Amino acid sequence: MEFLVGSGAPETQRSACVVAGVFESGKLSPAAERIDQISEGALDKILRRGDMQGKLGQTLLLHSVPDMPCERVLLVGCGKETEFDENNYRKATAAATRLLNDTGATDMTSYLPELEVKGRDVAWKVRLAVETTAETLYRFEQLKSQASDERNPLGKVILMVPGRNDVAAGQTAVEEGRAVSAGVALAKDLGNLPGNICTPSYLAEQALALQDQAPIKTTVLEAADMQALGMGALLSVARGSRQPAKFIIMEYAGGRKDEAPTVLVGKGLTFDAGGISLKPAEAMDEMKYDMCGGASVLGALKAIAELKLPLHVIGVIPSSENLPDGNANKPGDVVTSMSGQTIEILNTDAEGRLILCDALTYTERFNPEAVIDVATLTGACVVALGAHASGLLGNDETVVSELLKAGREAHDRAWQLPLWSDYQEQLDTNFADMANVGGREAGTITAACFLSRYAKKFKWAHLDIAGTAWKRGKEKGATGRPVALLTRYLINRAQRPKKRQQAGPTD
Ligand code: BES
Ligand code: MN
Ligand code: ZN
């Protein structure tokens, strides 16, 4: 899909379709108003007939609008003007894309970015239009034996900004939106692939393949390497599986290589049956998404490489399956992590933290500027925050607040939960340094408490994406979250003035 930025009046656009908004009160957007004037009241007449009430997501496709050179005009309902917020902007954009994709239109010229979304500038609206369009057109059809008969003629989207002086900002926004969308699509594809295809080896291959497209260097550690490093927690999970575990390291050195890197750690559990603490059968298929943290790390790296951000970023993905087996972890087993701390495994289904803790210890060698781990870690997070916000906890308030801000800007939001020391004692056990579970209460927090014990040597934050990484229902599938949040965080980081190496003259 080609995205362009333009400005100018709708009656000068010779495109296949001009898209303009209408509110529920019958109020026309500026572009629709202009079309109405040019066509001598054609839109007004239609609205009065009652064919378009301006309800959010409603669409009306018009052909041969008088004195308009475009082939079609698509009116999109935007709901109540006072309620027109980020979500409604995305819904209106998605509705237009969905409808046009079902017509013969090969391109569209959308005036939706001219609509006022409180607190958002033109660049934001362009960026989100690109991401929402890509999101709407995404299909996962790799595993269908026959190609779908969808025609998808839409090949070009021109996003119209209010003035000529907005075009440059709009073009940067298109670049960012495209990069994020490419990262999101990669994360979705990996998430949607089933456990029999997307194994730890497959994930490692994808990480290696990324090297050919981007200035990224990938290294994959095998079980023997992990053994030598003493990754006893990670390897204990992998013992129950026939698929060899992989430890994937990806380095993107877009900045100075000696710059302390930001490290992204992603849970790459390619199928989580729970192990001996077996999960119930219902919806167990969803546990193929348990590698979405790892997939979002791959996606974010792809996005920042496309944007050529001047940053040093390292992605680390510990990858394994978690299955019941004669060799699998048993409740009560005690293992020694790479940090030397011992863990009593009281529930083999709390495996994410076991593979992540060794990955966190491993990142110490990079002297990181900050470490952010991303994981579908707890069902408790789905109960607490649902599908709308990722859970966020950390040991550094600056990193946490930067991530919260990036989430708001990317409209891929996170919500902070407390990581107070009060919760730590839930992990106490008399048989090892800690238990791997902390009881029913505050499950997301005690999981983060567990990880915090392996993140003492650096600034660290943890995103629990159990509720946000995929959606259920008829349109089930991976969402690609939080690629947009992570990418935004890194873009902001790249724009931040570099710390002075030495105190220089103060003039
Ligand atoms: N991958 C799951 C977490 C999960 C559950 C994600 C449901 C999405 C939806 C994780 O490995 C897990 O099983 N966590 C347990 C922890 C518990 C045993 C302390 C959970 O949340 O039930
Ligand atoms: Mn589990
Ligand atoms: Zn899991």
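Calculation rules
- Residues numbered from 1 in each chain as written.
- Chains lettered and ligands numbered in written order.
- Predicted model: local features only at pLDDT ≥ 70, side-chain atom pairs only at ≥ 80, totals over all residues.
- Heavy atoms only, no water.
- Donors = N, O, S within 2.8 Å, 3.2 Å for Na, K, Ca; no water.
- Tetrahedral: all angles 85-135°; square planar, octahedral: opposite > 155°, others 65-115°.
- Buried < 20%, exposed > 50% of the residue type's maximum accessible area, 1.4 Å probe, protein only.
- Domains from an automatic or database assignment.
- Contact = heavy atoms within 4.5 Å.
- Buried area = accessible area lost by both parts, 1.4 Å probe.
- Salt bridge = Lys/Arg side-chain N within 4 Å of Asp/Glu carboxyl O.
- Helix = DSSP H or I, 4+ residues; strand = E, 2+ residues; numbered from the N terminus.
- Phe/Tyr/Trp six-rings, centres within 6.5 Å; stacked < 30°, edge-to-face > 60°.

Now, about the coordination of the manganese ion (ligand 2): what can you tell me, with residues and values included?
For the manganese ion (ligand 2), the protein coordination sphere consists of D272 (OD), D349 (O), D349 (OD) and E351 (OE), at 2.0 to 2.2 Å. Considering all 6 donor atoms around the manganese ion (ligand 2), the spread of angles at the metal, 69 to 166°, places the coordination shape in the irregular class. Relative accessible area serves as the criterion here: at 0%, E351 is assigned to the buried category.

I'd like a rundown of the domain arrangement of the protein, residues and numbers included.
For the protein, the domain assignment lists domain 1 (2-162) and domain 2 (180-495). Computed over C-alpha atoms, the centres of domain 1 and domain 2 are 38 Å apart. Counting from both sides, the interface comprises 15 residues of domain 1 and, opposite them, 17 residues of domain 2. Each partner contributes to the roughly 1,300 Å² buried at the junction of domain 1 and domain 2, and carbon and sulfur atoms together form 48% of this total. The tally of links from domain 1 across to domain 2 stands at 1 salt bridge. The partner of K188 in a salt bridge is E135, and the shortest N-O contact between them spans 3.3 Å. Of all elements in the fold, only α3 (86-101) and α4 (122-137) reach the threshold of two or more residues within the side of domain 1 that touches domain 2. Of the residues forming the side of domain 1 that touches domain 2, the biggest block, 7 residues, is contributed by α4.

Describe the pattern of salt bridges, naming the residues involved and giving the relevant values.
As enumerated under the stated definition, the model contains 25 salt bridges in all. Where E81 meets K27, a salt bridge forms, and the shortest distance between an N and an O atom there is 3.0 Å. Placement of E81 in the loop between β4 (72-77) and α3 and of K27 in the loop between β2 (17-22) and α1 (30-38) is noted, with a sequence separation of 54 residues between them. Judged by its relative accessible area of 41%, K27 falls in the partly exposed class.

Now, about the packing of aromatic side chains: what can you tell me, with residues and values included?
Taken as a whole and judged by the stated rule, the model has 8 aromatic pairs. Ring geometry for Y89 versus W124: centroids 6.0 Å apart, planes at 45°, classification tilted. Here W124 lies in helix α4 and Y89 lies in helix α3, a separation of 35 residues in the sequence. Its relative accessible area of 3% is what places W124 among the buried residues. Centroid distance F450 to Y454: 5.4 Å. Interplanar angle 35°. Geometry classified as tilted. Here the two residues F450 and Y454 agree in accessibility, since each one is buried. Here a set of aromatic residues connected by ring pairs shows up, and it is made of F23, F84, Y89 and W124.

For the coordination of the zinc ion (ligand 3), give the residues involved together with the corresponding values.
Looking at the metal site, the zinc ion (ligand 3) is ligated by K267 (NZ), D272 (OD), D290 (OD) and E351 (OE), spaced 2.0 to 2.4 Å from it. Each of the 6 donor atoms bound to the zinc ion (ligand 3) contributes to angles spanning 78 to 176°, and the resulting shape is octahedral. Within one chain, the residues donating to the zinc ion (ligand 3) are spaced in sequence as K-x4-D-x17-D-x60-E. Separating the zinc ion (ligand 3) from the manganese ion (ligand 2) is a distance of 3.1 Å, and D272 supplies a donor atom to each of them. With D272 in strand β10 (residues 268-272) and E351 in the loop between β13 (342-345) and α10 (352-363), this pair connects stretches of sequence that are 79 residues apart.

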